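The primary structure of each chain is shown beneath.
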Amino acid sequence: MPRLGLFLSLFTLTFATIACTPARSSFFGEPEWVGVGFSGNEVVLDTLPYSRLVINVYSPDCVPCWKEIPALNYIESEWFKGRSDIKFYIVVDPYQILTEISETASWEEVYPKAKVRMLEEVKNRSIGAEMLFLKKPFQVSQSSLVTGTPETLLFETRPLRLYYNFIGSITEETDPKLLATDRKLQFLKHQIGLDRL
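Report on the accompanying structure. Worth saying up front: this structure is predicted, and the values here are computed from it rather than measured. Numbers given for residues are sequential positions, taken from 1 along each chain in its written order. Reporting in this predicted model follows two pLDDT cut-offs: at least 70 for local features of residues, and 80 or more for side-chain atom pairs to be given and counted; totals over whole chains, interfaces and linings ignore these cut-offs and use all residues. Hydrogens and waters are ignored; side-chain quantities use all the structure's heavy atoms.

Right, let's get into the overall build of the chain. Numbering of helices and strands runs from the N terminus; a helix is a DSSP stretch of H or I covering at least four residues, while a strand is a stretch of E covering at least two. Of regular secondary structure, the chain possesses six helices and seven strands. Taken from the N to the C terminus, the helices and strands of the chain come in the order α-β-β-β-α-β-α-α-β-β-β-α-α. Throughout, a residue-residue contact means that at least one pair of heavy atoms, one from each residue, lies within 4.5 Å. Within the chain, residue pairs in contact and separated by at least 24 positions form 66% of the contacts whose partners lie at least 6 positions apart. Per-residue and other accessible areas were derived by the Shrake-Rupley procedure at a 1.4 Å probe size, with only the shown protein chains allowed to occlude residues. When the accessible surface of the chain is split by element, carbon and sulfur atoms take 57% of a total near 10,900 Å².

The structure is reproduced here in structure tokens:
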């Protein structure tokens, strides 16, 4: 009889744990994030057909962002190019990069100006990764998920859910030979699930 009681207790505890476990879900409203590329194409991040999504949040006024560009170009070309399971974007908050624009300005007013500024930035800084301008509710501010730049966010998809974020530059190493063995990049690679430490 004591064994039956122990079995029933364990069964009840296991069932309660499984039944009460919350579903995987977003805590920061990520499924609502929508980006627009340079061509005007709209990208709903929550509907992308990838198992993982990596986004790097960039600002043209951010010196650490500039220093990180060689590493971002490296991971785009060496890790993500041609993959069908992981997607990498560099994203900007167009309201944050246009200081003369009001937070209440319309997307139709903000996007063309942000696009002009970032086309120049891509050209001058040789940015190789695909770029998106994220619409609200995404924003870079003290009261949101992303409080500054650079920041690199790692997501699982279906549903879109943040599971890791790197605050600050991943690495400022610029030598391609050293990037392949850079410890910070290797840690990022492991967190994404591309490698083992």
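For the rest of this paragraph, the subject is the pattern of salt bridges. The rule for a salt bridge is simple: a side-chain nitrogen of Lys or Arg has to be within 4 Å of a carboxyl oxygen of Asp or Glu. All chains considered together, the criterion is met by eight salt bridges. Between Lys87 and Glu130 there is a salt bridge whose closest N-O contact spans 2.9 Å. Highlighted residues: Lys87 in strand β4 (residues 86-92) and Glu130 in the loop between α4 (107-125) and β5 (131-134), separated in sequence by 43 residues. Only protein chains enter the calculation, and the probe is 1.4 Å; a residue is then buried if its accessible area is under 20% of its type maximum, exposed if over 50%, and partly exposed in between. Judged by its relative accessible area of 34%, Glu130 falls in the partly exposed class.

In plain words, nonpolar cores are sets of buried Ala, Val, Leu, Ile, Met, Phe, Trp, Tyr and Cys residues tied together by side-chain atoms within 4.5 Å. Counting 37 residues, the largest nonpolar core has Ile75, Leu185 and Leu188 as its most contacted members. For this core, the element with the highest residue contribution is helix α2 (residues 63-80), accounting for eight residues. With residues near it in sequence (within four places) discarded, Leu188 still touches Ile75, Trp79, Leu154, Phe166 and Ile170. If you look at the next biggest cluster of nonpolar residues, it comprises 20 residues, including Leu45, Phe138, Phe155 and Leu162.

On to the side chain of Asp182. Tracing the backbone through its elements, the reader meets Asp182 in the loop between α5 (176-179) and α6 (183-192). Asp and Glu are treated as the negative residues and Lys and Arg as the positive ones, with His and the ends of the chain left uncounted. Summary of buried charges: Asp182 has no salt-bridge partner, and the nearest side chain of opposite charge, Lys184, is 6.6 Å away. Not counting the four nearest positions on each side in its chain, Asp182 is found in contact with Thr171 and Glu173.

For α4, which comprises 19 residues, the first-to-last C-alpha distance of 26 Å matches the rise-based estimate of 27 Å (1.5 Å per residue) to within 8%. Within α4 the residues assigned to the buried category are Trp107, Val110, Tyr111, Ala114, Met118 and Glu121. All buried residues of α4 lie within an arc of 95° about the axis, which places them on one face of the element. Of the exposed residues in α4, the ones pointing more than 90 degrees away from its buried face are Glu108, Val116, Lys123 and Asn124. Where α4 is buried, its residues meet β1 (34-36), α2, β4, α3 (94-97) and β5. Positioned one or two residues after α4, Ser126 has a phi angle of 55°, which is positive. Given the number of residues in a helix, its expected span is that number minus one, multiplied by 1.5 Å. In this description, the arc belongs to the directions extending from the helix axis to the C-beta atoms.

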